[in-house]
Amino acid sequence: MKNILVLYYSQSGQLGEILTNLVNPLLEDSNCLVTVQQIEPEESYEFPWDKKDFLQVFPESYLQIPRPNKSIPDAVKNKKYDLIIFGYTVWYLSPSIPINSFLKGDDAQVLLKNTPVITVNGSRNMWILTQEKVKRLLVDCKAELVGNIAFVDRHWNHISVITIVHWMMGGKKTKYLGVFPKPGVSEEDINGAGKFGFIIKKHLFQENFKQLQEELVKDGAVQIKPFLIRSDKSGNHIFSKWSAHIYKVGLKSSKRRAKWLNFFEYYLQFAIWVFVPIVFVIFLLTYLPFYARIKKDIKYYQSVRLR
Ligand SMILES: Cc1cc2nc3c(=O)[nH]c(=O)nc-3n(C[C@H](O)[C@H](O)[C@H](O)COP(=O)(O)O)c2cc1C
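The structure presented is a predicted model; accordingly, all values stated were derived computationally and were not measured.

Here is what the cut-offs are and how they apply
Residues numbered from 1 in each chain as written. Predicted model: local features only at pLDDT ≥ 70, side-chain atom pairs only at ≥ 80, totals over all residues. Heavy atoms only, no water. Near = heavy atom within 4 Å. Polar contact = N/O pair within 3.5 Å; in protein donor to acceptor, adjacent residues only side chain to side chain. Areas by Shrake-Rupley, 256 points an atom, 1.4 Å probe, with all protein chains shown as cover. 1 Å grid on protein atoms, 1.4 Å probe; cavity = no way out; pocket = protein on both sides within 12 Å on 5 of 7 lines; lining within 4 Å. Sits in = over half its atoms within 2 Å of the grid points. Helix = DSSP H or I, 4+ residues; strand = E, 2+ residues; numbered from the N terminus. Nonpolar A, V, L, I, M, F, W, Y, C, P; charged D, E, K, R; others polar. Buried < 20%, exposed > 50% of the residue type's maximum accessible area, 1.4 Å probe, protein only. Contact = heavy atoms within 4.5 Å. Points joined across faces, edges and corners; volume = space filled by probe spheres on them. Domains from an automatic or database assignment.

Description of the site of the ligand
In the neighbourhood of the ligand, 21 residues make up the surrounding shell, with S10, Q11, S12, V90 and M126 lying closest. Here an oxygen atom of the ligand sits 2.7 Å away from a polar atom, N or O, in the side chain of S10. Here a nitrogen atom of the ligand sits 2.9 Å away from a polar atom, N or O, in the main chain of Y92. Relative to its unbound accessible surface of 620 Å², the ligand loses 95% to contact with the protein. Because more than half of its atoms lie within 2 Å of the grid, the ligand is assigned to the largest pocket. Of all the secondary structure elements, the ones that give two or more residues to the shell around the ligand are α1 (14–22), β4 (90–91) and α9 (157–170). Among the elements that take part in the shell around the ligand, α9 stands out by supplying 3 residues, more than any other. For the shell around the ligand, the per-class residue count stands at 12 nonpolar, 8 polar and 1 charged.

Focus on the environment of Q64
Its place among the elements puts Q64 in the loop between α4 (58–62) and α5 (74–77). Using a relative accessible area of 14% as the deciding quantity, one classes Q64 as buried. When the C-alpha positions of Q64 and Q131 are compared, they lie 13 Å apart, and in sequence the two are 67 residues distant. When residues no more than four places from it in sequence are discounted, the contact partners of Q64 are S94, P95, N100, K104, K133 and L137.

Some thoughts on the layout of surface pockets
Of the voids in this model, the largest pocket is the one considered here, and its volume is about 1,200 Å³. Contributing elements (two or more residues each) for the lining of the largest pocket: α1, α3 (51–56), β4, α9, α13 (226–252) and α14 (254–285). Residues of the lining of the largest pocket, tallied by class, amount to 28 nonpolar, 17 polar and 4 charged. Of the domains in this structure, domain 1 (2–222) and domain 2 (227–299) are the two that each give at least three residues to the lining of the largest pocket.

Right, dumping it as structure tokens:
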């Protein structure tokens, strides 16, 4: 009998749906006992978001400052698992606050220590450097990262920016204005997540995860658009400055924090609609000379290694 724990945090339920489909091959196997546990913040984040709250979480989210979560029940915590499937989403190029808080807390130390972990992320498309942050936190918990699967919105970057705002602020995964594509991970990808579950099951019963990631990648588990690596790196550089400043200002005055968050919002619009397209042109112009480096980066970010 194999004990599997599915741990995750999802607001809209999208990631929950992905995980349910993904673990279906394990759920249907009488030799697998699957426990599902949601990570819950003590003070929940309202969904749909209002604009102010959406901006308010930026500094703490990016700077990975933990907030209290509810404890994981003892019945779940005091068990040894053969595999943990860890579902997370990305907030401002970092793990969402509940996920970061979990990974930095005592429960994670108990649950993840010396346990194989597969990360599953459900984001818009900017998850690459967040996964590096998650990898480091998993090392701190002495977990053994054996696999990673990324579920993203596959539409053009700027289209997904527009549609995700409509979803996050309106709460419904519908076509914005009736003409834009549906936001988030496509129904096809959500419904097809089970194909990865079969691969995971095979390696779980072989009791050897060494080739797991390679096989997952072959089946399309981690598709990387090279420009998104560049954007993620630039975004992290810029966010590190803004978040540190806003956080510091906010320690003294919440009014000043609100004012700077307002500036940040304007800056974000400028960055998305002006800065990112310029970086894209530069990226295209320098694509050939950097081709070998880009190839190497893609291979690395598809892997579970940590540089
Ligand atoms: C505050 C906030 C910030 C987000 N920032 C990012 C981001 O930087 N990169 C990204 O790919 N997705 C980002 N997303 C999208 C989430 O990763 C996720 O796909 C979406 O919230 C749906 O997740 P759910 O399953 O929790 O509903 C953000 C979402 C929220 C609410």
